[in-house]
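Structural characterization, general
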Amino acid sequence: MDDALQLARTQFGLNIAFHIMFPTITIGLAWFLVYFRIKLMRSGDAAWGATYQMWTKVFALTFAMGVVSGITMSFQFGTNWPGYMKTVGNIAGPLLAYEVLTAFFLEATFLGVMLFGMKRVSARLHLTSTILVAAGTSLSAFWILALNSWMQTPTGHIMQDGVLIAGDWLEVIFNPSFPYRFTHMMLACGLTAAFVVSGLSAWRLLRAPKDTGALGTLRIGVLVAAVLAPLQIVVGDLHGLNTLKHQPAKIAAIEAIWKTEKGAPLVLFAIPNEKEQRNDYAIEIPKLASLILTHDIEGEIKGLEAFAPDTPAVKPLFFAFRIMVGIGTAMLLLAWAAVWCSRNKALPPRWLLWGLAGFTFSGWIATLSGWIVTEMGRQPWLVTGILRTADAVGPISEAAMGASLTAYAATYAAMLAAYMVVITHMAGKGAQAAKPLAEGMQAPGKIA
Amino acid sequence: MPLDLPLIFAVLMGVAMLAYVVLDGYDLGVGMLMPAASEEQQGYMVSSIGPFWDANETWLVLGIGLLLVAFPVAHGIVLGALYLPVVAMLIGLMLRGVAFEFRVKADGWHRELWNGMFWGGSFLASASQGFMLGRYITGFETGFGYVLFALLVAGGLCGGYVLLGATWLIMRTEGDLQKKSCAWARWGLGWVALGVALVSAATPLASDTMRHKWFDFPGTLPLLVLPLASIAAGIWVWRETGRIGNAASTARRDWAPFAGAVIIFVLAFAGLAYSLFPYVVMDRLTIWDAAAHPSSLKVVLAGAALVLPFIVIYTAFSYRVFRGKARAGLYD
């Protein structure tokens, strides 16, 4: 592949992968905060105040990481992919603009009130601000996933003088893969946040087993995870079937099916050999892929050969998909075990606490793997069937790209390390160490 | 009469950029002033901008977003030409944004480190923005003189942000810090004056288009309003800071220097808009050449017309909630 294209893809991949980690947490965590805030209002218990306060600080830090890495994204479209804006800008632009207008301002403004306004506004208004922040983060996911899904399965557009314009905006937004991808991502956000909450609470409990507040948040976290994990498996399966219908080459790459066959086996493990177009060291279950994907044991599945030469790289999709499924399964088992072991407010055994603490950021790995599958699986297209990635890349020199890539990579590595150390440290000290609330703010309805 | 959509979007984009420069300008300015303050004062400075900085930066995303939506071709040309300064600005904004959150949670040398990042990031972002502005208004011409010009603009804009930041602090703080801020404001004002003077002198040399626009009689005469009003606003800021700095004075208007600084920015922006119009890329691409398809402009305009009033209302609400003098701790 062309070096400049490779550099541009690497840099964009790095930026967007780094960025998405933080919204994935905040979109879910925001709704946890709403719950904590309501608990505080209802009970007037200072312990809920401390819990709310600590988790808003985790939220603020995560949100800041998301904001600053997100600003980078708004510049990248033009600098690195001018062909994208030129061809599909009339579709992508408005969707991005709606995200800024309806979501970004809402969340950023009310975040200020939520974080620093506890003593300045009424409890009701403060709860409203918390809800608006949560709504803003989810709304932002709505718009960006509408755009991403449109790039995967474009509908509702018209080609006019070499550029695309929208024919029907509802068809553009509610394109065939959007409902599945949006639900799948929202559940991923919920799961990621649930594991951050239970993982950090577990970390605190390992150091202070008597911290009832931490036990409370752990139980909420694992309960949410235990409910969302099986839902995610169902939605993920539906999403897969939707992909089979609209992007069959992606599925063929995920399953490493090279040749069209009836009664295709499910490849559990293999090392896909792109050169020879076969799988080395394969462990397979006969007929299972056909059964899962077509619900017919002798169903025909199109192999990669049917789509050549426009096929995605097999290895990254094959492995990323298996990592995602593997982590998802482990999350399910861990969450169910933790719900069982913490019933009746019992403290789970230490091995389980260590397991949860170790899984604090597991949602990141699963989510990023999922995005690798869906984005690399769209290649060589940037917009399926309309625009090739290679045709959208900009004229930035390799030296400039190299410099920017190095600068971003170094900054991101430092920021990520600092982030993980600081929130783990904060959680280790516990919620009570967070600044206590002012009196008067814990009772419902009082105006400061 | 059909709507002149490219013109409407040029105005919207201009307003978003102006809002960004004024709003993020004051918090970047406060960031740049951090090393000049004591540790206790730094707490007040940070808490004076805490509730606002996130939303302030969103105006940049809106401005760039509108450029992307309305003038996609220009977005590619402008940001492609400014590639490295854009990267520098983004890294600056990233460092200061996270340093802002991290420094509250850190102690000892860690806090010093994050303070340094906050200051350095603010400075890097401001200087890069000024540099980009300098490159942009000369149409990205190459050559030593043009780079020097961009560096001058960078210095001027940093001074401008310091002026905004210091006058913001005058409005939002009391006592010693307020007094110090008066001195900072005057210092910033000096840089602005120097920057504006140099830019005004260099502009006719840098661009033929601008020379004709500004120096062809008799069109020049009404244009004199802009520099004269700027000078008046500058004098006003100077005098008001003098009154506030003088403890004996009773006629104190803490808001006046900030208002004056905003007026200076609005005037400078008006001058800039006059210089550039109707180009979105100087001398190369007009707003009508670069505009996106009317169908997409219409759908964004409808959204903006519907949502922008709400944004203005809840932004005003947020400023009302956090009115008055800053308190010691961010979370107090």
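Residues numbered from 1 in each chain as written. Chains lettered and ligands numbered in written order. Predicted model: local features only at pLDDT ≥ 70, side-chain atom pairs only at ≥ 80, totals over all residues.

So, about the overall build of chain A. Of the regular secondary structure elements, chain A holds 13 helices and eight strands. In terms of overall size, chain A behaves like a compact globule, its C-alpha atoms giving a radius of gyration of 23 Å where 448 residues would be expected to give roughly 22 Å. The burial tally for chain A puts 54% of its 448 residues in the buried class. Sequence separation of at least 24 residues holds for 74% of the intrachain contacts in chain A that already meet a minimum separation of 6. (Helix = DSSP H or I, 4+ residues; strand = E, 2+ residues; numbered from the N terminus. Rg over C-alpha atoms; globule rule 2.2 N^0.38 Å. Buried ≥ 20, exposed ≤ 12 C-beta atoms within 10 Å, placed from the backbone. Contact = placed C-beta atoms within 7 Å.)

A few words on the overall build of chain B. Tallying secondary structure elements over chain B gives 14 helices and two strands in all. Computed over its C-alpha atoms, the radius of gyration of chain B comes to 20 Å, within 12% of the 20 Å expected for a compact globule of 332 residues. Each principal axis of the C-alpha atoms in chain B carries an extent, and together these give about 55 × 40 × 40 Å. Within the span of chain B, comprising 332 residues, buried residues form 54% of the whole. A sequence separation of at least 24 residues applies to 76% of the contacts in chain B between residues at least 6 apart.

Of the residues lining the interface, 55 residues belong to chain A; the matching set on chain B comes to 52 residues. Mapped by element, the contributors of at least two residues to the side of chain A that touches chain B are α2 (46–80), α3 (82–116), β2 (163–166) and α13 (398–429) of chain A. Sorting elements by how many residues they give to the side of chain A that touches chain B places α3 of chain A first, with 21 residues. Residues that form the side of chain A that touches chain B fall into these classes: 37 nonpolar, 15 polar and three charged. (Nonpolar A, V, L, I, M, F, W, Y, C, P; charged D, E, K, R; others polar.)

Bringing the confidence of the model for chain B into the picture now. Residue and element names in this part refer to chain B. Confidence in the prediction for chain B averages 86 pLDDT; 96% of positions are at 70 or higher. Per-element confidence in chain B is highest for helix α1 (residues 5–33), whose mean pLDDT is 92, and lowest for helix α10 (residues 220–223), whose mean pLDDT is 78. Across the interface, the model reports ipTM at 0.84; the global pTM reads 0.88. (pLDDT = per-residue confidence, 0-100.)

Let's shift gears to the nonpolar core. Counting residues in hydrophobic clusters, the biggest one holds 261 residues, and the most contacted among them are Ala-225 of chain A together with Leu-66, Ala-70 and Val-98 of chain B. Residue contributions to this core peak at 22 residues, all from α3 of chain A. Not counting chain neighbours up to four residues away, the residues in contact with Ala-70 of chain B comprise Pro-6, Phe-9, Met-13, Ala-291, Ala-292 and Leu-297 of chain B. (Core = buried A, V, L, I, M, F, W, Y, C linked by C-beta atoms within 7 Å.)

Before going further, it helps to examine unusual backbone geometry. With omega at 5°, the peptide bond leading from Gln-379 of chain A into Pro-380 of chain A counts as cis. Take Pro-380 of chain A: it is sitting in the loop between α12 (362–376) and β7 (381–383). Residue Pro-278 of chain B follows Phe-277 of chain B across a cis peptide bond; omega there is 5°. Mapped onto the elements, Pro-278 of chain B comes out in the loop between α12 (256–276) and β1 (279–281). One non-glycine residue with positive phi stands out, namely Tyr-281 of chain A, at about 50°. Checked against the element boundaries, Tyr-281 of chain A lands in strand β5 (residues 278–285).

The next point concerns the environment of Trp-258 of chain A. All names here are of chain A. Its place among the elements puts Trp-258 in the loop between α8 (248–254) and β3 (261–262). Look at Trp-258 and you get buried, because 21 C-beta atoms sit within 10 Å. For the pair Trp-258 and Ala-306, spaced 48 residues apart in sequence, the C-alpha separation works out to 8.6 Å. Trp-258 has contacts with Gln-277, Arg-278, Gly-303, Leu-304 and Glu-305, leaving out every residue within four places of it along the chain.

Another aspect to go through is the pairing of β5 of chain A. Residue and element names in this part refer to chain A. In this structure, strand β4 (residues 266–273) lies alongside β5, joined through six bridges in antiparallel fashion. Paired with Leu-266 across the strands is Ile-285, a residue of β5. The loop that links β4 with its antiparallel partner β5 comprises four residues; one of these, Gln-277, has a positive phi angle of about 55°. (Pairing = 2+ DSSP bridges.)

Time to look at the environment of Met-415 of chain A. If you trace the backbone, Met-415 of chain A turns up in helix α13. Residues Met-415 of chain A and Met-65 of chain A, spaced 350 residues apart in sequence, show a C-alpha to C-alpha distance of 8.2 Å. Beyond its immediate stretch of four places on either side in the chain, Met-415 of chain A contacts Met-65 of chain A together with Met-94 and Val-98 of chain B.

Let us look at the packing of helix α1 (residues 3–43) of chain A against helix α4 (residues 123–152) of chain A. All names here are of chain A. Remark: α1 packs on α4, axes separated minimally by 9 Å, with the N-to-C direction vectors making an angle of 160°. In terms of orientation, α1 lies roughly antiparallel with respect to α4. When you trace α1 past α4, the crossing you get is left-handed. Contacts between α1 and α4 involve Pro-23, Thr-26, Ile-27, Ala-30, Trp-31, Leu-33, Val-34, Arg-37, Ile-38 and Met-41 from the first element and Ala-123, Leu-127, Thr-130, Ile-131, Val-133, Ala-134, Thr-137, Ser-138 and Ala-141 from the second. Classifying every residue of the contact of α1 with α4 gives 14 nonpolar, four polar and one charged. (Axes fitted to C-alpha atoms, helices over the stretch in contact; angles between N-to-C directions. Parallel < 35°, antiparallel > 145°, perpendicular 65-115°, else oblique. Left-handed = near helix turned anticlockwise from the far one by under 90°.)

Let us look at the environment of Leu-3 of chain B. Topologically, Leu-3 of chain B is positioned in the segment before α1. The exposed category is assigned to Leu-3 of chain B, around which 11 C-beta atoms lie within 10 Å.

Regular strands show a simple pattern: their side chains alternate between the two faces of the sheet. All names here are of chain A. Side-chain alternation along β2 places Leu-164 and Ala-166 on a buried face and Val-163 and Ile-165 on a face that remains uncovered. Direction of pairing for strand β1 (residues 157–160) relative to β2: antiparallel, over a ladder of four bridges. Considered in β2, the bridge of Met-159 is made with Leu-164. Hairpin geometry of β1 and β2 is characterised by an intervening segment of two residues between the two adjacent antiparallel strands and by a positive phi of about 50° at Asp-161.

Further remarks concern the confidence of the model for chain A. Mean pLDDT over chain A works out to 88, with 96% of the residues at or above the 70 mark. Every residue in residues 436–448 of chain A is under pLDDT 50, and counting partners more than four places away or in other chains gives 29 contacts.

A word on the packing of α4 of chain A against helix α6 (residues 178–207) of chain A. All names here are of chain A. Orientation of α4 relative to α6, taken along the N-to-C sense of each, is 135°, at an axis distance of 9 Å. Relative to α6, α4 is oriented oblique. You can see that α4 and α6 cross each other, and the crossing is right-handed. Counted together, Ala-141, Phe-142, Leu-145, Ala-146, Asn-148 and Ser-149 of α4 and Phe-178, Arg-181, Phe-182, Met-185 and Met-186 of α6 form the full contact between these two elements. Of the residues belonging to the contact of α4 with α6, the class tally is eight nonpolar, two polar and one charged.

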